[in-house]
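Here's the letter readout for the chains.
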Amino acid sequence: DWRPSKEKVTDTRRISDDFTTAFLKEDDIFGDNSVNLFPPLPIEDSVLYLDSNDSAYALLEDLGLNEQSKGGVMLDSYNLNFDMVSDESFSRIYFQGMGAVLLAQQKEVSRSEFGPFEVDIPLQHLETRTDFRPLGARVHFNKKQKATAIYDYAQETLFQPGDKGWEEAKFLA
């Protein structure tokens, strides 16, 4: 006794001056969605600089945005050995994670002194928002898949593990 439902009607909702999204005017679960509930809070585009990862984690804890196992609302990570900070984790992003597609685009083996693998991300020409640094980096890996150097296009500087600026270069890449 199935009958096709009426066609779903979509509308566009402006999120900011640069971003709009389509939504269903009515759906089977919530009914009428014509009330504009977004954004629920004012959008404030600002940058917050903290002194360390410990300071950042303390802020997340104060806001209740830490892991559920520690009383927060965020799901606990299922990646117990993937910390997103160490050099090993950084390399794993490129060889066993989302960076693998960039590595796969390498047309030939690099002859660089820093190793046979190279990922070039030349985004330095893209405009960034106020207070954000320019993008663009080239990452080098040795034959053991360890990151050996990161070239920052904006600063025109090559960073190697242990150099001042190495940790920041990893976040850029």
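Residues numbered from 1 in each chain as written. Predicted model: local features only at pLDDT ≥ 70, side-chain atom pairs only at ≥ 80, totals over all residues. Heavy atoms only, no water.

### Some words on the overall build of the protein chain
Part 1 of the argument: In terms of helices and strands, the protein chain carries four helices and eight strands.
Part 2 of the argument: The order of α-helices and β-strands along the protein chain, N terminus first, is β-β-β-β-α-α-α-β-β-β-β-α.
Part 3 of the argument: The buried share of the protein chain, reckoned over its 173 residues, is 23%.
Part 4 of the argument: Within the protein chain, contacts between residues at least 6 apart in sequence are counted, and of these 29% link residues at least 24 apart. (Helix = DSSP H or I, 4+ residues; strand = E, 2+ residues; numbered from the N terminus. Buried < 20%, exposed > 50% of the residue type's maximum accessible area, 1.4 Å probe, protein only. Contact = heavy atoms within 4.5 Å.)

### Some thoughts on a nonpolar patch on the surface
Part 1 of the argument: Together, L60, L63, L65, V73 and M74 give the surface a local cluster of nonpolar side chains, amounting to about 450 Å² of exposed area.
Part 2 of the argument: Its location among the elements puts L65 in the loop between α1 (53-63) and α2 (87-96).
Part 3 of the argument: Classification of L65 as partly exposed rests on a relative accessible area of 37%. (Patch = residues over 30% accessible without salt bridge, like charges linked within 9 Å, V, L, I, M, F, W, Y side chains within 5 Å. Areas by Shrake-Rupley, 256 points an atom, 1.4 Å probe, with all protein chains shown as cover. Salt bridge = Lys/Arg side-chain N within 4 Å of Asp/Glu carboxyl O.)

### Some remarks on the packing of aromatic side chains
Part 1 of the argument: Applying the stated rule across the entire model yields six aromatic pairs.
Part 2 of the argument: With centroids separated by 6.4 Å and ring planes inclined at 25°, the aromatic side chains of F90 and F141 adopt a geometry described as stacked. With F90 in helix α2 and F141 in strand β6 (residues 137-141), the pair connects residues that are 51 residues apart, well separated along the chain.
Part 3 of the argument: Judged by centre distance (5.3 Å) and plane angle (55°), the ring pair of Y94 and F141 falls under tilted. With a gap of 47 residues between them, Y94 in helix α2 and F141 in strand β6 connect regions that are remote in the sequence. Considered together, Y94 and F141 belong to a single accessibility category, that of buried residues.
Part 4 of the argument: An aromatic cluster is present here, built from F90, Y94, F95, F117 and F141 joined pairwise through their rings.
Part 5 of the argument: Between the NZ or CZ atom of R129 and the centre of the ring of F132, over which it lies, the distance is 4.3 Å. (Phe/Tyr/Trp six-rings, centres within 6.5 Å; stacked < 30°, edge-to-face > 60°. Lys NZ or Arg CZ within 6 Å of the ring centre and 35° of its normal.)

### Observations concerning the layout of surface pockets
Part 1 of the argument: Taken as a whole, the largest pocket encloses approximately 650 Å³ of empty space.
Part 2 of the argument: Around the largest pocket, the lining comprises 18 residues; the ones closest to its centre are Y57, E67, S77, D83 and M84.
Part 3 of the argument: Broken down by class, the residue content of the lining of the largest pocket amounts to nine nonpolar, five polar and four charged.
Part 4 of the argument: Computed from the structure, the second largest pocket encloses a volume of approximately 370 Å³.
Part 5 of the argument: Taken together, V47, L48, Y49, L50, D51, S52, N53, A56 and F171 make up the full set of residues lining the second largest pocket.
Part 6 of the argument: Partitioning the lining of the second largest pocket into residue classes produces six nonpolar, two polar and one charged. (1 Å grid on protein atoms, 1.4 Å probe; cavity = no way out; pocket = protein on both sides within 12 Å on 5 of 7 lines; lining within 4 Å. Points joined across faces, edges and corners; volume = space filled by probe spheres on them. Nonpolar A, V, L, I, M, F, W, Y, C, P; charged D, E, K, R; others polar.)

### Let's talk about α1
Part 1 of the argument: The residue sitting at the N-terminus of α1 and contributing the capping side-chain oxygen is S52; that oxygen lies 3.4 Å from the backbone nitrogen of D54.
Part 2 of the argument: The first or second residue beyond α1 is G64, which carries a positive phi of 75°. (Polar contact = N/O pair within 3.5 Å; in protein donor to acceptor, adjacent residues only side chain to side chain.)

### Quick notes on the sheet that holds β6
Part 1 of the argument: Read from one edge of the open sheet, four strands run β5-β6-β7-β8, paired in antiparallel fashion. The two strands at the open ends of the sheet, each matched to only one other strand, are β5 (117-121) and β8 (157-159). The sheet shows a mean angle of 15° between the axes of neighbouring strands, taken without regard to direction.
Part 2 of the argument: Bridge count between β5 and β6: five bridges; the pairing is antiparallel. (Pairing = 2+ DSSP bridges. Axes fitted to C-alpha atoms, helices over the stretch in contact; angles between N-to-C directions.)

So yeah, pure geometry; function would need other evidence.
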